[in-house]
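So the chains spell out like this:
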Amino acid sequence: MSASKAPSTGLAASARQVARRYSGGADLPLGGYLVTITTYGTLVTALAALARATGREGPARLSAGDVLMSAAATHKLSRLITKDPVTSPLRAPFASFEGTSGPAELADQPRGNGAEKSIGELVTCPFCAEVWVGTGITAGLVFLPRITRLVMGTFAALAGADILHYVHSWLGREAG
């Protein structure tokens, strides 16, 4: 074995040992997670560099309305991406259909190993996707604030409409 391969082989073996010790036998795609967080960090760094290069600054502070609308929009959009039947073709390369998980929502399970599995977890888990969605909304507030507020308002209204659907269904069951 050449001297140039020995350190990388040792590093790879060390990484595998750390992953085995950490996971305790669970099927955790730590390498895929590393790729995912590296991609996220690179994206955020690129957005910050682009904002600086174009002279854009974020607001000094966010209003309570922006925070609430952003939270509702992030919630709705992350569920739309990860659970809605219409977006299932986006999840299909990385997940398997398992059935339904609620009204108008699908239960998909990540599949594969490594990066495939970590992407599968990202596109099937609303809590995982909301980090990316929230970052996109924040970037939108820096680069296209008027359009972003319009989009946030739309998705916040949809989140509110979802709540009203649940209340309507609950009231119908209580009355019946």
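So, here is what we can say about the structure in this document. Everything quoted here is computed from the prediction, not taken from an experiment.

1. Notes on the overall build of the protein
Within the protein one finds 7 helices and 2 strands. In sequence order, the secondary structure elements of the protein are arranged as α-α-α-α-β-β-α-α-α. The globule rule puts the C-alpha radius of gyration for 176 residues at 16 Å, and the 21 Å found for the protein is more than 25% above it. C-alpha atoms of the protein, sized along the principal axes, occupy 75 × 50 × 25 Å. Taking the intrachain contacts of the protein between residues at least 6 apart in sequence as the baseline, contacts between residues at least 24 apart amount to 55%. For the protein, the accessible surface area stands at approximately 11,500 Å², while carbon and sulfur atoms represent 67% of it. Seen as two clouds, the 16 positive and the 12 negative side-chain charges of the protein have centres 9 Å apart.

2. Digging into the nonpolar core
Listed in full, the 6 residues of the largest apolar core are Ala73, Val133, Ile137, Leu141, Met152 and Phe155. Mapped onto this core, the elements with two or more residues apiece are helix H6 (126–143) and helix H7 (145–175). Among the elements that line this core, the one with the most residues is H6, at 3 residues. Leaving out residues up to four positions away in the same chain, Val133 has contacts with Thr74, Leu77, Ser78 and Ile81.

3. A few points about the layout of surface pockets
Empty space among the atoms becomes apparent when a probe as large as a water molecule is rolled across them. Its boundaries defined by the atoms lining it, the largest pocket holds a volume of some 420 Å³. Around the largest pocket, the lining comprises 16 residues; the ones closest to its centre are Lys76, Pro103, Glu105, Asp162 and Tyr166. Elements that contribute at least two residues to the lining of the largest pocket include exactly helix H3 (64–83) and H7. Top contributing element to the lining of the largest pocket by residue count: H7, with 8 residues. Looking at side-chain class alone, the lining of the largest pocket contains 8 nonpolar, 3 polar and 5 charged residues. As a volume, the second largest pocket reaches approximately 170 Å³. As for the second largest pocket, its lining consists of Tyr33, Thr36, Ile37, Tyr40, Ser118, Glu121, Leu122, Cys128, Val131 and Trp132. Those elements giving two or more residues to the lining of the second largest pocket turn out to be helix H2 (30–53), helix H5 (114–124) and H6.

4. Some points on the environment of Thr9
Tracing the sequence through the fold places Thr9 in helix H1 (residues 6–23). Along the backbone, Thr9 and Leu77 are 68 residues apart, and their C-alpha atoms lie at a distance of 42 Å.

5. Quick look at the pairing of strand E2 (residues 105–110)
Two elements, strand E1 (residues 95–102) and E2, share 6 bridges in a ladder whose sense is antiparallel. Looking at E2, one finds that Ala95 is bridged to Pro110.

6. Details of the environment of Tyr40
Relative to the helices and strands, Tyr40 resides in helix H2. Sequence separation of Tyr40 and Trp132 is 92 residues, and the distance between their C-alpha atoms is 7.8 Å.

7. Details of H5
Three or more residues of H5 are buried, namely Lys117, Ser118, Gly120, Glu121, Leu122, Val123 and Thr124. Its buried side turned inward, H5 meets H2, H3, helix H4 (88–91), E1, E2 and H6.

Parameters and conventions
Residues numbered from 1 in each chain as written. Predicted model: local features only at pLDDT ≥ 70, side-chain atom pairs only at ≥ 80, totals over all residues. Heavy atoms only, no water. Helix = DSSP H or I, 4+ residues; strand = E, 2+ residues; numbered from the N terminus. Rg over C-alpha atoms; globule rule 2.2 N^0.38 Å. Contact = heavy atoms within 4.5 Å. Areas by Shrake-Rupley, 256 points an atom, 1.4 Å probe, with all protein chains shown as cover. Lys, Arg positive; Asp, Glu negative; His and termini not counted. Charge placed at Lys NZ, Arg CZ, Asp CG, Glu CD. Core = buried A, V, L, I, M, F, W, Y, C linked by side-chain atoms within 4.5 Å. Buried < 20%, exposed > 50% of the residue type's maximum accessible area, 1.4 Å probe, protein only. 1 Å grid on protein atoms, 1.4 Å probe; cavity = no way out; pocket = protein on both sides within 12 Å on 5 of 7 lines; lining within 4 Å. Points joined across faces, edges and corners; volume = space filled by probe spheres on them. Nonpolar A, V, L, I, M, F, W, Y, C, P; charged D, E, K, R; others polar. Pairing = 2+ DSSP bridges.

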